[in-house]
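Fold and geometry: a report
Single-letter residue listing:
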Amino acid sequence: YDICCFVTQLVFEKEGVYLHTNAKRSNQDTTIPGFIRIVERGGEPALEWSALEDEGRNAAAVFYTKKDGEGGVEDTNFDPGYEPDWAVISTVKRDQVREHPPVKETSQWSFSLPLSELYSLRRSRFSLGRNFLVFTSRGGHPLPPLHFHRGGTRELLRAMQRYIILAPSPVDGRLFLAYPHDSGALSQSFDELHLFDDGSSDLVSRFIQDPYATTFGGFSKVTNFFRGALRPPDSPFHPRGPQDHHGPPSADDEPGFELITCGVELGPKPDVTRGQPLDKWEEFLDPEGRVKDPQQIKELVFRGGITPSLRKDVWKFLLGFYPWNSTVKEREDILRMKTDEYFRMKVQWKSVSEEQEMRNSLLRGYRSLIERDVSRTDRHNTFFSGNDNPGLTLLNDVLMTYCMFNFDLGYVQGMSDLLAPLLFVTQNEVESFWCLTGFMEMVHQNFEESQEAMKQQLLQLSLLMKALDPELLDYLDSQDSGSLCFCFRWLLIWFKREFSFEDILSLWEVLWTRLPCENFHLLMAASILESQRGEFIGSDHDFNTILKHINELTMKLDLQTVLRGAEANYLQLACCKELPVKVQEVIGLYVPPSPDDETSAESESHETQQLLSQSQAAATETSQSSNSTAAAAARPRPTYP
């Protein structure tokens, strides 16, 4: 932009705003004090920052440039001296009319960003209490974080709202999207977002049908999309109260700051030990074949998993194929009934002629997706390897039949990943199908087109991280990674691509117990992130390298270590007497008060901790000796929330 011919009007100015450079050169300061301003030039408002040393100059020496900008000469040899991924300047334009004064070392950090080019801002706070903002341009480039050592973020945001709308993201309470004062801009279509290079106009459909290829083929763009609040084109923004019309909420009333400002202190993480796999089954059954103590079975499975030879039997109970209180005779009847029902549904799609299928685009689409995914699912496993493998045929038939079972959901990519271990363990078409339906009852919301469940889980994971390691989350925030969208694949298919096939068998049976809470998989994700703390904090990582590092963790994680960390996280949170209600809800400790319920949240947390201690002691005792069934039944039975 050639700004020298425009009349400049100062709209807002604040001193004591430090730019964090993330510079790698030893002779450069990593924090530079300066001024933040909003100025109008030729009627166009811009956000500018300049170093304190450079005051007295007419304008910033470096300007943000549009791709289609006109005028000026591009300096392609400009070297900002910092990590290229931090770069927010695609080119530097020098004024053709009047030369700027010689640039000092710090002047290279100055910037001017037209508010029309602002895409989003993230507002956060480090543990020391100082606010910082991260601005991102419409080109997807985050500016270096600006730290407000003397306050002033509210005033700045209020001044910005004279020119643009700052709409809170429903995914992240600290993320605000920038729109011009034009209501039409609030309902951008997915196509207008240009998330993919192929110009696909059906992003939602493509994302649901092929979450791997869509998410990881252009992951940084998809993540920008999530960071910008994944929503249907005409989805309204969340309404705000009358007191909020003047700008984004302050650090005191913004929900995203709850855990940082409320002074919650967690105790030390407890030491957790894992138990031995469940290796006996018959002794837990009564003479008619009923499971005498389902809760004890779940606790033993949670503590140590299941011996491979027993998985086929126990999984059917964990996944709801058989009721826990069913007898041997009743299970025979259930199997016969379920077999008949399965083949009735299978006949439905098997009997469709080619001519009929030509007029059924939905079924044709499902068949195409399934055939493609089956050909690439767990082919390293001998059960599915090679051509013309019977395992592949079974995989295809079960998935096609599931489309008949659940017309509303049909087939979504990722479901083949869920089925493959079930088919491998049961070695039976009918049993694997009904186990899949039980598994899908737990995770079907992950595959729904709205993606509301995935957004909610990412938000819940963020809440857990705020409680468990706020410093780590603040660091990720400062690198524009606080939305944790790089965890999307973990949560979508329960870490299927992160661990080995054998580890997944052990992990899933632990998660199916739903102990100690239904969101234990989120505590798993938090445990993995915490294990990478030393890699992130104090490093030169930016969003792209953080994403790369997370993806490279595949097959490098130790399952038992992660499980111990996840359980320790739960115990640490459960012991906190001042745990915020939102976190209690995530880990299943919060029970809404009612006139008939006199149990307080505090007593609930205390009771849970007591029961968990009993559970650990009982599991350890069980793993060390083979006590009689009567003695096992006599032990206190813990109940998890």
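Here we summarise the structure given alongside this text. (Residues numbered from 1 in each chain as written. Predicted model: local features only at pLDDT ≥ 70, side-chain atom pairs only at ≥ 80, totals over all residues. Heavy atoms only, no water.)

1. Comments concerning the overall build of the protein
Each helix and strand in the protein was counted, giving 24 helices and 11 strands. Among the 641 residues that make up the protein, the fraction classed as buried is 54%. For the protein, long-range pairs separated by at least 24 residues make up 71% of all intrachain contacts whose partners lie at least 6 apart in sequence. Entry remark: accessible area of the protein is about 28,600 Å², with carbon and sulfur atoms responsible for 49%. (Helix = DSSP H or I, 4+ residues; strand = E, 2+ residues; numbered from the N terminus. Buried < 20%, exposed > 50% of the residue type's maximum accessible area, 1.4 Å probe, protein only. Contact = heavy atoms within 4.5 Å. Areas by Shrake-Rupley, 256 points an atom, 1.4 Å probe, with all protein chains shown as cover.)

2. Describing the pattern of salt bridges
If you walk through the whole model with that rule in mind, you get 28 salt bridges. With its nearest N and O atoms 3.3 Å apart, the salt bridge here joins K496 to D417. With K496 in the loop between α16 (488-492) and α17 (501-512) and D417 in helix α12 (residues 415-426), this pair connects stretches of sequence that are 79 residues apart. A relative accessible area of 5% places K496 in the buried class. On the accessibility criterion, D417 (3% relative accessible area) is buried. Its salt-bridge partner being K548, residue E552 comes within 2.5 Å of it at the nearest N-O pair. Overall, E552 belongs to the partly exposed group, its relative accessible area being 37%. Among the charged side chains, a salt-bridge network with shared partners connects D378, D417, K496 and R497. (Salt bridge = Lys/Arg side-chain N within 4 Å of Asp/Glu carboxyl O.)

3. Looking at helix α10 (residues 361-374)
Here α10 spans 20 Å end to end across 14 residues, near enough to the 20 Å set by a 1.5 Å rise per residue. Of the residues making up α10, those classed as buried are L363, Y366, R367, L369, I370, D373 and V374. Buried residues in α10, looked at end-on, bunch into an arc of 170 degrees, giving them a common side. (Expected span 1.5 Å × (residues − 1). Arc of directions from axis to C-beta.)

4. Thoughts on the packing of helix α7 (residues 308-318) against α12
Across the interface, α7 lies against α12 with an axial gap of 9 Å and an inter-helix angle of 120 degrees. Classified by the interaxial angle, the pair formed by α7 and α12 is oblique. Contacts between α7 and α12 involve R311, K312 and W315 from the former and P421, L422, V425 and T426 from the latter. For the contact of α7 with α12, a count of residues per class yields 4 nonpolar, 1 polar and 2 charged. (Axes fitted to C-alpha atoms, helices over the stretch in contact; angles between N-to-C directions. Parallel < 35°, antiparallel > 145°, perpendicular 65-115°, else oblique. Nonpolar A, V, L, I, M, F, W, Y, C, P; charged D, E, K, R; others polar.)

5. Concerning the packing of aromatic side chains
Scanning the model with the defined rule gives 22 aromatic pairs in all. Ring centres 4.7 Å apart and planes at 90 degrees place the aromatic pair W315 and W512 in the edge-to-face group. Linking W315 in helix α7 with W512 in helix α17, this pair joins segments that are 197 residues apart in sequence. Among the residues examined, W315 registers a relative accessible area of 1% and is labelled buried. Under the relative-accessibility criterion, W512 is labelled buried at 2%. (Phe/Tyr/Trp six-rings, centres within 6.5 Å; stacked < 30°, edge-to-face > 60°.)

6. Comments concerning unusual backbone geometry
With omega at -10 degrees, the peptide bond leading from L515 into P516 counts as cis. Structurally, P516 can be placed in the loop between α17 and α18 (520-531). Positive phi, normally seen in glycine, also occurs at R514, with a value near 60 degrees. With respect to the helices, strands and loops of the structure, R514 is situated in the loop between α17 and α18. For R514, a relative accessible area of 22% gives the class partly exposed. In this structure, M555 is a non-glycine residue whose phi angle is positive, near 65 degrees. Residue placement: M555 occurs in the loop between α20 (543-551) and α21 (559-574).

7. Quick word on the nonpolar core
Counting 121 residues, the largest nonpolar core has F447, L507, M524 and I587 as its most contacted members. With 9 residues, the top contributor of residues to this core is α21. Residues in contact with M524, not counting those within four places in the same chain, are F495, F499, L507, L559, V562, L563 and A566. Formed by 29 residues, the second largest nonpolar core is a distinct cluster that contains I32, F111, L143 and A178. (Core = buried A, V, L, I, M, F, W, Y, C linked by side-chain atoms within 4.5 Å.)

8. What about the environment of L156?
Within the secondary structure, L156 sits in helix α1 (residues 153-160). A relative accessible area of 0% places L156 in the buried class. The contact partners of L156, leaving out residues within four places of it in the chain, are F12, I36, I38, L47, L133, F135 and F148.

9. Topic: the pairing of strand β1 (residues 8-20)
The sheet contact formed by β1 and strand β2 (residues 31-41) spans 11 bridges and is antiparallel. For K14, the partnering residue across the bridge sits in β2 and is I36. Bridging between β1 and strand β9 (residues 146-148) involves 3 bridges; their strand directions are antiparallel. Its bridge partner lying in β9, Y18 is registered against H147. (Pairing = 2+ DSSP bridges.)

10. A look at α7
By the burial criterion, the buried members of α7 are L310, R311, V314, W315, K316, F317 and L318. In this structure, the buried side of α7 is in contact with α6 (294-304), α8 (328-350), α12, α13 (429-443) and α17. Following α7 by one or two positions, G320 adopts a phi angle in the positive range, close to 80 degrees.

11. Points about the environment of S385
Considering the arrangement of structural elements, one finds S385 in the loop between α10 and α11 (390-405). From its side chain, S385 meets the backbone oxygen of T382 in a polar contact 3.3 Å long. (Polar contact = N/O pair within 3.5 Å; in protein donor to acceptor, adjacent residues only side chain to side chain.)

12. Observations concerning the environment of H541
Along the polypeptide, H541 turns up in the loop between α19 (533-536) and α20. You can call H541 buried: its relative accessible area is 14%. Expressed as a C-alpha distance, the spacing of H541 and Q479, which sit 62 residues apart in the sequence, is 7.6 Å. Discounting chain neighbours no more than four positions away, the residues touching H541 are Y475, Q479, E535, F536 and I546. A polar atom in the side chain of H541 sits 2.8 Å from the side chain of E535.

13. Looking at the state of the cysteines
Going through the model one piece at a time under the given rule, you end up with 0 disulfides. Distance from the sulfur of C575, which forms no disulfide, to the nearest cysteine sulfur (C576) is 8.9 Å. (Disulfide = S-S within 2.5 Å.)

14. Focus: the pairing of β2
One face of the sheet, then the other: side chains in a regular strand alternate in exactly this way. Of all 11 residues that make up β2, 9 are buried, and the element is covered over most of its length. Relative to strand β3 (residues 44-51), β2 runs antiparallel, the two sharing 8 bridges. Of the residues in β3, the one forming a bridge with I36 is W49. Hairpin connection, β2 to β3: the antiparallel pair is bridged by 2 residues, and G42 has positive phi, about 60 degrees.

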